[in-house]
Protein chains: 2
Amino acid sequence: MTLFDFHLLSRDSSTGARRGRFHTAHGTIETPVFMPVGTRGTVKGVATPQLDELGAQVLLANTYHLFLRPGADIVRDAGGIHAFMNWDRAILTDSGGFQIFSLADTLKLSEEGVEFRSILDGSKHFWTPEDNMRIQEDLGADIAMQLDECPPYPAETSVVATAVRRSADWAARCKTAHTREDQALFGIVQGGVFGDLRLESVDRLAALDLPGYGIGGYSVGEPHELMLESLRPVCSAMPVDKPRYLMGVGNPTSILQAIGLGVDMFDCVLPTRTARTGTAFSSTGRMNMRNLQYARDFGPLDPTCTCSTCAQYSRAYLRHLVTTKEMLGAILLSVHNLHFLLDLTARAREAIEAGAYGEFLSAWLSSPAAEDY
Amino acid sequence: MTLFDFHLLSRDSSTGARRGRFHTAHGTIETPVFMPVGTRGTVKGVATPQLDELGAQVLLANTYHLFLRPGADIVRDAGGIHAFMNWDRAILTDSGGFQIFSLADTLKLSEEGVEFRSILDGSKHFWTPEDNMRIQEDLGADIAMQLDECPPYPAETSVVATAVRRSADWAARCKTAHTREDQALFGIVQGGVFGDLRLESVDRLAALDLPGYGIGGYSVGEPHELMLESLRPVCSAMPVDKPRYLMGVGNPTSILQAIGLGVDMFDCVLPTRTARTGTAFSSTGRMNMRNLQYARDFGPLDPTCTCSTCAQYSRAYLRHLVTTKEMLGAILLSVHNLHFLLDLTARAREAIEAGAYGEFLSAWLSSPAAEDY
């Protein structure tokens, strides 16, 4: 097996769903896959041995945040991000492009690169695509994402068109600058909700023959249906033999719909962020554990769930932890919500293997769990 | 073996240290023992399976906090505190007396009982010793503490004398009101730093022949040396065949010194509270993990420690988590600090068994770890 080879095991006949396998130096990733997010090198509230028990195959960490703290040189000197955060399986680093354009005070954007201020101390930084590659090589994840320009939503066609062209130029420069053979560089498709720009982005990136492609610029405020409508032709146009990673999309229904369009990889902070607000995913829809109805409910959080939280703690206890703002509430709900998405994607893989993804998706969409996502 | 029998396995010849065994319906407690504190039915940041792995034998929960939220009736209906918090080993509930007198707005104190306001919503509550017993029986811990009056420090002799007499009267009423045969009722010795009042308290409580005794009213602001000096005659006067529990004292040096005076049980929020401020116990003294000196220190937190945090994570990573205020920092340091005290008391037990507690204590007191406690 060759590093970064993407092997398609099976394709569903009634949908675009694919069952694949992506080889990295830190294990094989079975796709479709959900990647828990550890922005600063930690999935909030969940230690790495627990993530392993949950069946996480690949974690995401963020270059922007790790660059600011503790600094890419410290992560490099620790032996890389795997050693630093004690995770032996695969890791993907986002380039930080999204954070620069959404969080940071972006000062100057040119063909050369982007100048921005730190959200922490206001310090100025300038990144070229080459700088970004050097930083991500220091971090040492298995998959690095190209530096891209992420336009807001909504944005004028001309703004999005410029971002598409600049991002494609930067992808080429990232490819040239990238040297680590144990790290795959993924391009990022942009184009917002403009079909022709999306296709131009796909064409330009496909020509670079990168080992995989992100699909960026979704889940930035556009209506859910518009995302799905726009995503379909993008997936159809993307190279068949490369993994497709829909960035930042993590609600269960969107994940399953996008798998049906041929997406292979997902990440989102939703499971842990939702947990910290006291809300649990469940087979019957989201549950706000603050709700008084759970005060004397001594049954498990979700009777159909096999996670350690559901096996050990009652709804009444979880409600008590959440209402008293005890850390353990966020921890136990994070474990449950991560299990929920990891288990959902595991079942999606099984359904594709069984040639029954269409039925699996239909069953989900007609279940109470699909309604509030 | 009889429930609540306290069996002394050995006594150290050069100190007052004792190695004992206390039988409860949820397992035997090997003493001297440190009891992690789970005030609201959760040891902050640490799930019960981890506490089991850490070797915790008995946890402490607080009646005042559980009475206010979620309510003793909910804990009772959940099947008791063990089922509610998913802990099969022993549990001790403090009566809440300390919280009423320190946290709460105490409205009225009489021989009959105490009226206080909730710190949560200002609601008025009135507890007699009998009410407190009923609440603790609803919670269903293995060990219940009597309701006592806790005078502040410093306090006039007359104030402390009244508290001693009232607490002893209340202990007798608690004993009469207490009905659960699977729950041991402990009395609480008061008397502040007044030797004669301490001895009066011991005499009056010993006459009740309770299965164990707390020693309250220390660690409330008095100088460390004064506590030790005052504690020695108290321990000497207490019944030999009953466990002695020094309430709220948890720094390593005080624990070891008190073991040398014949104390058997300890509890304190110190390990988890210290962890949440980013500070670790260690064999070389406390370590403030915010310190810049750890930024590039890729070695384990404490090279002599066998806990899961020290086995898996570096000082540099822990510093990163603490400086970025990531939950995992508090979690990993809580695990380490709990391990530190549980391991220290386990080694104290071994030293007593080996007839070498004096040497063990001397070695600790001359080590760098002893200095800053």
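Note that this is a predicted model, so its numbers are computed, not measured.

Structural notes on the confidence of the model for chain A
For chain A, per-residue confidence averages 96 on the pLDDT scale, and residues scoring 70 or more make up 99% of the total. In the model output, the complex is listed with pTM 0.98 alongside ipTM 0.97.

Remarks on the relation of the copies chain B and chain A
Superposition of the two copies of the chain requires a rotation about an axis and a shift along the axis. By a simple turn and slide, chain B fits onto chain A: the slide is 0.0 Å along the axis, the RMSD is 0.0 Å, and the turn is 180 degrees. What we have between these two chains is a two-fold relation. In this assembly the copies share their binding face: 100% of the residues contributing to the interface of chain B also contribute to that of chain A.

Describing a nonpolar patch on the surface
Residues and elements named next belong to chain A. On the surface, Leu 103, Ile 119 and Leu 120 cluster together into a nonpolar patch covering about 260 Å² of accessible area. Tracing the sequence through the fold places Leu 103 in the loop between helix 5 (97–102) and strand 7 (105–109). Here Leu 103 falls in the partly exposed class, since its relative accessible area comes to 44%.

As for the side chain of Asp 302 of chain A
Residue and element names in this part refer to chain A. Looking at the element boundaries, Asp 302 is found in the loop between strand 16 (287–288) and helix 12 (308–312). It is Arg 315 that comes nearest to the buried, bridge-free Asp 302 among opposite-charge side chains, at 6.0 Å. Within polar-contact distance, the side chain of Asp 302 engages the backbone nitrogen of Ser 283 at 2.7 Å. The residues touching Asp 302, leaving out its near neighbours within four places in the chain, are Ser 282, Ser 283, Cys 310 and His 336.

Observations regarding the side chain of Thr 309 of chain B
Within the secondary structure, Thr 309 of chain B sits in helix 12 (residues 308–312). Residues within four places of Thr 309 of chain B in sequence aside, it is in contact with Leu 301, Leu 318, Leu 332, Val 335 and His 336 of chain B.

Here we look at the packing of helix 10 (residues 252–261) of chain A against helix 14 (residues 327–353) of chain A
Residue and element names in this part refer to chain A. In the contact formed by helix 10 and helix 14, the axes pass within 11 Å of each other and the chain directions differ by 25 degrees. With respect to helix 14, the axis of helix 10 lies roughly parallel. Of the two elements, helix 10 crosses helix 14, and the hand of that crossing is right-handed. Residues Pro 252, Ile 255, Leu 256 and Ile 259 of helix 10 touch helix 14, and the partners they reach there are Phe 340, Leu 341, Leu 344, Thr 345, Ala 348 and Ile 352. In the contact of helix 10 with helix 14, the residues fall into 9 nonpolar, 1 polar and no charged.

Some remarks on the interface of chain B and chain A
Taken together, the contact pairs 36 residues of chain B with 36 residues of chain A. Its largest share of buried area at the contact with chain A, chain B owes to His 320, Glu 326 and Met 327 of chain B, together 18% of the area lost on that side. Our count for the chain B to chain A interface comes out at 8 salt bridges. Note that Arg 296 of chain A is salt-bridged to Asp 73 of chain B, the shortest N-O span being 2.4 Å. Take the side of chain B that touches chain A: its biggest share by element is 5 residues, from helix 13 (residues 315–323) of chain B. Considering only residue class, the side of chain B that touches chain A consists of 19 nonpolar, 9 polar and 8 charged.

Comments concerning the pairing of strand 3 (residues 27–31) of chain B
Residues and elements named next belong to chain B. Most of strand 3 is tucked away: 4 of the 5 residues are buried. Both strand 2 (residues 18–24) and strand 3 contribute to a ladder of 5 bridges, which runs antiparallel. Across the sheet, Arg 21 pairs through a bridge with Glu 30, a residue of strand 3. Hairpin geometry of strand 2 and strand 3 is characterised by an intervening segment of 2 residues between the two adjacent antiparallel strands.

A word on the nonpolar core
Of all hydrophobic cores here, the largest spans 198 residues; its most connected members are Leu 246 and Tyr 357 of chain A together with Leu 246, Leu 256 and Tyr 357 of chain B. Every residue in contact with Tyr 357 of chain B, bar those within four places of it in the chain, is listed here: Asp 12, Thr 15, Ala 17, Leu 256, Ile 259, Gly 260, Ala 348, Ala 351 and Ile 352 of chain B.

Some words on helix 14 (residues 327–353) of chain B
Residue and element names in this part refer to chain B. Relative to the 39 Å expected for 27 residues at 1.5 Å per residue, helix 14 spans 39 Å between its end C-alpha atoms, a close match to the ideal helical length. Most of helix 14 is tucked away: 23 of the 27 residues are buried. Two residues or fewer past helix 14, Gly 355 is found with a positive phi of approximately 65 degrees.

Some words on the pattern of salt bridges
All names here are of chain A. On inspection of all chains with the given rule, the structure shows 42 salt bridges over all chains. The partner of Glu 149 in a salt bridge is Arg 166, and the shortest N-O contact between them spans 2.8 Å. Residue Glu 149 is located in the loop between strand 10 (143–145) and helix 7 (157–177), and its partner Arg 166 is located in helix 7; the two are separated by 17 residues in the primary sequence. The residues Glu 149 and Arg 166 share a single accessibility class, namely buried. Taking the shortest distance from any N to any O, the salt bridge between Asp 297 and Arg 315 comes out at 2.9 Å.

What counts as what
- Residues numbered from 1 in each chain as written.
- Chains lettered and ligands numbered in written order.
- Predicted model: local features only at pLDDT ≥ 70, side-chain atom pairs only at ≥ 80, totals over all residues.
- Heavy atoms only, no water.
- pLDDT = per-residue confidence, 0-100.
- Least-squares fit on C-alpha atoms with pLDDT ≥ 70 in both.
- Contact = heavy atoms within 4.5 Å.
- Patch = residues over 30% accessible without salt bridge, like charges linked within 9 Å, V, L, I, M, F, W, Y side chains within 5 Å.
- Areas by Shrake-Rupley, 256 points an atom, 1.4 Å probe, with all protein chains shown as cover.
- Salt bridge = Lys/Arg side-chain N within 4 Å of Asp/Glu carboxyl O.
- Helix = DSSP H or I, 4+ residues; strand = E, 2+ residues; numbered from the N terminus.
- Buried < 20%, exposed > 50% of the residue type's maximum accessible area, 1.4 Å probe, protein only.
- Lys, Arg positive; Asp, Glu negative; His and termini not counted.
- Polar contact = N/O pair within 3.5 Å; in protein donor to acceptor, adjacent residues only side chain to side chain.
- Axes fitted to C-alpha atoms, helices over the stretch in contact; angles between N-to-C directions.
- Parallel < 35°, antiparallel > 145°, perpendicular 65-115°, else oblique.
- Left-handed = near helix turned anticlockwise from the far one by under 90°.
- Nonpolar A, V, L, I, M, F, W, Y, C, P; charged D, E, K, R; others polar.
- Buried area = accessible area lost by both parts, 1.4 Å probe.
- Pairing = 2+ DSSP bridges.
- Core = buried A, V, L, I, M, F, W, Y, C linked by side-chain atoms within 4.5 Å.
- Expected span 1.5 Å × (residues − 1).

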